[in-house]
Amino acid sequence: MPTTRKTAQQDATPYALLGLLSVRPWTTYELAQQVRRSLDWFWPRAERKLYDDPKRLAAAGLAKPSEEYTGKRKRTVYAITAKGRRELKAWLGTPSAEPSWENEALVKVFFADGGDLDALRRTLAEMGEAARARLEELAASATGEVRFPQRRHLDGLTARLAHDMEEATLRWSQWALAQTESWRATDDPAGWDPESAVYTPLAEGWGVGPLT
């Protein structure tokens with residue numbers, strides 16, 4: 001629950017929901033749909049807290065719930081308050097926490113010497129296939145319905161990074177599969193030299209010039 005700037009740095013999820021509420025009011029169900037459509041690319045944890053945080057935002061006076069009826073069915077719609085907009089604006093000006101990236105498949109790659117080569121190569125292939133599927137999804141979203149055209153420029157910034165990360169994962173998957181073709185086992189790379197293939201170029205910056 002956002003109460004201080006320190007809390008904001010610890011968990012951005014309530015602020016992510018405030019950001020969505022700043023666009024328009026939503027029911028919890030609609031929030032879940034919008035999270036999957038937009039935030040899930042870079043903040044998937046938001047969906048796991050969707051059914052708790054809107055109530056906490058309302059309790060803190062940052063969002064206001066109201067009851068509406070669709071036919072005979074009652075639903076709760078949350079709208080951001082003036083206090084919520086001030087809190088969101090203040091959070092947007094704070095330093096961000098270090099990025100955290102979770103990838104179960106890469107954990108399996110890291111510990112692949114506990115299994116066999118076929119399993120490792122399946123994991124690498126699956127990572128590439130998943131990245132390709134996400135690239136196709138991003139491409140489809142680029143030509144799909146534009147729900148909030150006034151925010152298209154911000155969507156574009158985040159979509160470009162999501163695309164580049166998925167593209168990099170796909171290229172890496174193809175590279176890793178090619179590197180492991182000659183391996184005898186996950187604990188026997190059969191002469192494959194990680195120094196020349198990875199660590200020396202890594203130390204030299206992969207031949208990339210200085211960043212500006």
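Residues numbered from 1 in each chain as written. Predicted model: local features only at pLDDT ≥ 70, side-chain atom pairs only at ≥ 80, totals over all residues. Heavy atoms only, no water.

Counting secondary structure elements, the protein contains ten helices and three strands. If you list the helices and strands of the protein from N to C, you get α-α-β-α-α-α-β-β-α-α-α-α-α. Here the protein has a C-alpha radius of gyration of 22 Å; the compact-globule value for 212 residues is 17 Å, and the former is much larger. Taken along the three principal axes of its C-alpha coordinates, the protein extends 65 × 40 × 35 Å. The burial tally for the protein puts 29% of its 212 residues in the buried class. The contacts in the protein between residues at least 6 apart in sequence include a share of 57% that link residues at least 24 apart. (Helix = DSSP H or I, 4+ residues; strand = E, 2+ residues; numbered from the N terminus. Rg over C-alpha atoms; globule rule 2.2 N^0.38 Å. Buried < 20%, exposed > 50% of the residue type's maximum accessible area, 1.4 Å probe, protein only. Contact = heavy atoms within 4.5 Å.)

Let's shift gears to the pairing of strand 2 (residues 63-70). Where strand 2 lies against strand 3 (residues 73-80), eight bridges are found, and the strand directions are antiparallel. Within the sheet, the bridge partner assigned to Glu68 lies in strand 3 and is Arg75. (Pairing = 2+ DSSP bridges.)

Moving on to the sheet that holds strand 2. A sheet is described by the order of its strands in space; here three strands give the open sequence 1-3-2, paired in antiparallel fashion. Looking at strand neighbours, the two that pair on one side only are strand 1 (26-27) and strand 2, the edges of this open sheet. Running over the sheet, helix 2 (residues 13-23) touches strand 1, strand 2 and strand 3 and is turned about 100° from strand 3. (Axes fitted to C-alpha atoms, helices over the stretch in contact; angles between N-to-C directions.)

This next bit is on the packing of helix 2 against helix 6 (residues 82-92). The interhelical angle for the contact between helix 2 and helix 6, taken along N-to-C directions, is 125°, at an axis separation of 10 Å. When the interaxial angle is binned, helix 2 and helix 6 end up oblique. Helix 2 and helix 6 meet at a crossing whose hand is left-handed. Note on element contacts: helix 6 touches helix 2 through Gly84, Arg85, Glu87, Leu88 and Trp91, opposite Tyr15, Leu18, Gly19 and Ser22. Here the residues of the contact of helix 2 with helix 6 are counted per class, giving four nonpolar, three polar and two charged. (Parallel < 35°, antiparallel > 145°, perpendicular 65-115°, else oblique. Left-handed = near helix turned anticlockwise from the far one by under 90°. Nonpolar A, V, L, I, M, F, W, Y, C, P; charged D, E, K, R; others polar.)

Tracing the chain through its elements places Gly93 in the loop between helix 6 and helix 7 (104-110). Between the C-alpha atom of Gly93 and that of Arg48, which follows or precedes it by 45 residues, the distance is 25 Å.

To continue, consider the nonpolar core. Across soluble globular proteins, nonpolar side chains have a tendency to be buried as a group. Ranked by internal contacts, the top residues of the largest apolar core, which has 19 residues, are Leu18, Leu20, Leu21 and Leu57. Residue assignment for this core shows that the elements contributing at least two residues are helix 2, helix 3 (28-37) and strand 3. In terms of residues, this core owes the most to one element, helix 2, which gives six residues. In contact with Leu21, other than residues within four places in its own chain, are Trp26, Leu31, Leu57, Ala63, Tyr78 and Ile80. Of all hydrophobic cores here, the second largest spans seven residues; its members include Ala112, Leu120, Leu124 and Trp183. (Core = buried A, V, L, I, M, F, W, Y, C linked by side-chain atoms within 4.5 Å.)

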